[in-house]
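Below, each chain spelled out in residue letters.
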Amino acid sequence: MSTPIGLDCTLNRNTATYGTPTWSPITIARDVTLDIEQGSTEADSRANQEWSVNLLTRKKASISFDVIDKPGDTNLEAIRDAFLNKTALDIACLDGEADEVGAQGLRADFGVTKFSRNEPQEGVVTYSVTIIPLLTANLPTWMEVEA
């Protein structure tokens, strides 16, 4: 796999079961940002009086993106419904196609925390979306597509 550019990356929604996914690329998405942070906590003690030291704790993730308002698009409807009904979407944010060997990225059951409509006077209507991992049986995982 060569060095990807933004157009090579995909945001995908699973339309089948977790164990046997069928990935539907969210082609109306644009300007996707996968944000992963590593938490930390101070671990200072009297044994070390010169430096403040830390321990790494939990990771935190979110994905933010815009989607073009395209009536009838099943992915847009799924995102909207997940927001309105507080349900999970199995999403994979990958640096290649979902069937491309070597493509990798974060996969999790995500909940929609932001679904804001943008109505520019000289542009298409879009929705700004933010999703975060939910507590489900399927914890977030770093996914790599294998042969």
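Residues numbered from 1 in each chain as written. Predicted model: local features only at pLDDT ≥ 70, side-chain atom pairs only at ≥ 80, totals over all residues. Heavy atoms only, no water.

## Structural notes on the overall build of the protein chain
Alright, step 1. The secondary structure content of the protein chain amounts to 1 helix and 8 strands.
Alright, step 2. Judged by the C-alpha coordinates and their principal axes, the protein chain covers about 65 × 45 × 35 Å.
Alright, step 3. Intrachain contacts of the protein chain at a sequence separation of at least 6 include 60% that bridge at least 24 residues.
Alright, step 4. When the accessible area of the protein chain is evaluated, it comes to approximately 9600 Å², of which 50% is carbon and sulfur surface.
Alright, step 5. Charged side chains of the protein chain number 12 positive and 22 negative; the gap between the two group centres comes to 9 Å. (Helix = DSSP H or I, 4+ residues; strand = E, 2+ residues; numbered from the N terminus. Contact = heavy atoms within 4.5 Å. Areas by Shrake-Rupley, 256 points an atom, 1.4 Å probe, with all protein chains shown as cover. Lys, Arg positive; Asp, Glu negative; His and termini not counted. Charge placed at Lys NZ, Arg CZ, Asp CG, Glu CD.)

## A word on the packing of aromatic side chains
Geometry of an aromatic ring pair is reported as the spacing of the ring centres plus the angle between the planes.
Alright, step 1. Applying the stated rule across the entire model yields 2 aromatic pairs.
Alright, step 2. Judged by centre distance (4.4 Å) and plane angle (10 degrees), the rings of Phe 115 and Tyr 127 are stacked. Of this pair, Phe 115 sits in strand β6 (residues 104-118) while Tyr 127 sits in strand β7 (residues 126-133), placing them 12 residues apart in sequence.
Alright, step 3. An aromatic cluster is built from Phe 83, Phe 115 and Tyr 127, whose rings are joined through pairwise contacts.
Alright, step 4. Across the ring face of Tyr 18, the terminal group of Arg 107 is positioned such that the distance to the ring centre comes to 3.7 Å. (Phe/Tyr/Trp six-rings, centres within 6.5 Å; stacked < 30°, edge-to-face > 60°. Lys NZ or Arg CZ within 6 Å of the ring centre and 35° of its normal.)

## Quick word on the pairing of β7
Alright, step 1. When you tally the buried positions in β7, you get 6 out of 8 residues, the bulk of the element.
Alright, step 2. Examined bridge by bridge, strand β4 (residues 54-68) and β7 share 6 bridges and lie antiparallel to one another. From the neighbouring strand, Ile 63 faces β7, where its bridge partner is Ile 131.
Alright, step 3. For β6 and β7, the ladder comprises 8 bridges, and the chain directions are antiparallel. (Buried < 20%, exposed > 50% of the residue type's maximum accessible area, 1.4 Å probe, protein only. Pairing = 2+ DSSP bridges.)

## Focus: the pattern of salt bridges
Alright, step 1. Scanning the model with the defined rule gives 3 salt bridges in all.
Alright, step 2. Salt-bridge contacts for Asp 81 lead to Arg 80; the nearest nitrogen and oxygen are separated by 3.0 Å.
Alright, step 3. For Asp 81, a relative accessible area of 31% translates into the label partly exposed. (Salt bridge = Lys/Arg side-chain N within 4 Å of Asp/Glu carboxyl O.)

## Details of the side chain of Asn 12
Alright, step 1. One can find Asn 12 in strand β1 (residues 10-14).
Alright, step 2. Overall, Asn 12 belongs to the buried group, its relative accessible area being 1%.
Alright, step 3. At a separation of 2.8 Å, a polar atom in the side chain of Asn 12 contacts the side chain of Thr 10.
Alright, step 4. If sequence neighbours within four positions are ignored, Asn 12 has contacts with Trp 23, Ser 24, Pro 25, Ile 26, Asp 90, Ile 91, Ala 92, Leu 94 and Ala 98. (Polar contact = N/O pair within 3.5 Å; in protein donor to acceptor, adjacent residues only side chain to side chain.)

## Some words on the environment of Gly 6
Alright, step 1. Along the chain, Gly 6 falls in the segment before β1.
Alright, step 2. Overall, the relative accessible area of 60% leaves Gly 6 in the exposed class.
Alright, step 3. Taking C-alpha positions, Gly 6 is 9.2 Å from Arg 30, a pair spaced 24 residues apart along the chain.

## Considering the pairing of β1
Alright, step 1. By the criterion of burial, β1 is predominantly enclosed, with 5 of the 5 residues buried.
Alright, step 2. Residues Thr 10, Asn 12 and Asn 14 point to one face of β1 and Leu 11 and Arg 13 to the other, with burial holding for every one of them.
Alright, step 3. One ladder, built from 4 bridges, connects β1 with strand β5 (residues 89-94); its direction is antiparallel. For Arg 13, the partnering residue across the bridge sits in β5 and is Ile 91.
Alright, step 4. As judged from the 3 bridges shared by β1 and strand β2 (residues 23-25), these two strands associate in the antiparallel manner. By the bridge assignment for β2, Arg 13 is matched with Ser 24.

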